[in-house]
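Below are the chains, spelled out letter by letter.
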Amino acid sequence: MSHHLKGKRVAIIATHGFEQSELEEPKAALEQAGAETHVISLKAGAIRGWKDQDWGSEVTVDHTLEQVNPADYDGLLLPGGVMNPDKLRREESVLNFVRAIAEAGKPIAAICHGPWPLIDAGIVKGRLMTSYPTLQSDLKNAGAEWVDREVVVDNGLVTSRNPNDIPAFNRKFIEELGEGIHKQVGQ
């Protein structure tokens, strides 16, 4: 594997109920590409995943949101699972982190239900996106243009629909991280 992402740091924000494959597979792909990943959550300790309609295995939390500065990261990954983003979208610390990454033009990757916090952070208006089908009305209502595609890239924002899309999702996110800062439209 190439290590072209060496020196890049990616924040993975998640909490209990994240979709196991949507955290673990992108994390492994990013690390294989040379990036450093940090699992960041609301509380220290470990968070438990969701796999095949039941609780899965635990992932250790590297840092809590209070301990991190978005400026220290080159990109953000938001895994899905229903409970996980539903809880995160109500947390001001999560929304502030998401906004800071977006405002800096750094790549954000969100899969399945992962885009939910992006809506609450107010950063989806005018963006071309996909998601798990049940989020399409939420995204459209928030001003996004929703399409049903394996992976969609819009100026550093990478979105996919479900775990089957992970290989394409990983490829695109790694590509976007390699490109670095994306200028916001109108800047």
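Residues numbered from 1 in each chain as written. Predicted model: local features only at pLDDT ≥ 70, side-chain atom pairs only at ≥ 80, totals over all residues. Heavy atoms only, no water.

Novice: What exactly am I supposed to notice about the layout of surface pockets here?
Specialist: Picture a little ball the size of a water molecule; that probe, rolled over the atoms, points out where space is still empty. Estimates place the volume of the largest pocket at around 370 Å³. Along the wall of the largest pocket there are 18 residues; nearest its centre are Glu19, Trp50, Asp52, Gln53 and Pro163. Tallied by class, the residues present in the lining of the largest pocket amount to six nonpolar, seven polar and five charged. (1 Å grid on protein atoms, 1.4 Å probe; cavity = no way out; pocket = protein on both sides within 12 Å on 5 of 7 lines; lining within 4 Å. Points joined across faces, edges and corners; volume = space filled by probe spheres on them. Nonpolar A, V, L, I, M, F, W, Y, C, P; charged D, E, K, R; others polar.)

Novice: Please clarify how the packing of helix α1 (residues 20-32) against helix α6 (residues 166-179) should be interpreted in this entry.
Specialist: Between two packed helices, the angle of one axis relative to the other and the distance separating the axes together describe the packing. Across the interface, α1 lies against α6 with an axial gap of 10 Å and an inter-helix angle of 45 degrees. With respect to α6, the element α1 is oriented oblique. In this structure, α1 meets α6 at a crossing whose hand is right-handed. Here α1 contributes Ser21, Glu22, Glu25, Pro26, Ala29 and Leu30 to the contact with α6, which in turn contributes Ile166, Phe169, Asn170, Phe173, Ile174 and Leu177. In terms of residue class, the contact of α1 with α6 is built from eight nonpolar, two polar and two charged. (Axes fitted to C-alpha atoms, helices over the stretch in contact; angles between N-to-C directions. Helix = DSSP H or I, 4+ residues; strand = E, 2+ residues; numbered from the N terminus. Parallel < 35°, antiparallel > 145°, perpendicular 65-115°, else oblique. Left-handed = near helix turned anticlockwise from the far one by under 90°. Contact = heavy atoms within 4.5 Å.)

Novice: Whenever I open this one, the pairing of strand β5 (residues 54-60) confuses me. Can you help?
Specialist: Across a regular strand the side chains alternate sides, sitting on one face of the sheet and then on the other. The pairing of strand β4 (residues 46-51) with β5 spans five bridges and is classified as antiparallel. Counterpart to Lys51 in the pairing with β5 is Asp54. Connecting the antiparallel pair β4 and β5 is a turn made up of two residues, with Asp52 showing a positive phi of about 50 degrees. (Pairing = 2+ DSSP bridges.)

Novice: Got a minute to help me understand the sheet that holds strand β1 (residues 9-13) in this structure?
Specialist: Strand pairing in a sheet relies on backbone hydrogen bonds. The paired strands run either parallel or antiparallel. Ordered by their spatial adjacency, seven strands build an open sheet running β6-β3-β1-β7-β8-β12-β11, and the pairing between neighbours is mixed. Of all strands in the sheet, those bounded by a partner on one side alone are β6 (63-64) and β11 (151-154).

Novice: Explain the pattern of salt bridges to me, please; I cannot follow it from the model alone.
Specialist: Where charged atoms from two side chains of opposite charge come close, those side chains can pair. Under the criterion given, the structure shown has eleven salt bridges. A salt bridge links Lys87 to Glu91; the shortest N-O distance between them is 4.0 Å. For Lys87, a relative accessible area of 35% corresponds to the partly exposed category. A salt bridge links Glu175 to Lys172; the nearest nitrogen and oxygen atoms lie 3.6 Å apart. Within this pair, Glu175 and its partner Lys172 are both found in helix α6, separated by three residues, close to a single helical turn. Residue classification places Glu175 among the partly exposed positions, given a relative accessible area of 39%. Of the residues examined, Lys172 reaches a relative accessible area of 29% and is grouped as partly exposed. By sharing partners, the salt bridges in this structure join Asp148, Arg161 and Asp165 into a single network. (Salt bridge = Lys/Arg side-chain N within 4 Å of Asp/Glu carboxyl O. Buried < 20%, exposed > 50% of the residue type's maximum accessible area, 1.4 Å probe, protein only.)

Just distances and angles here, no functional claims.
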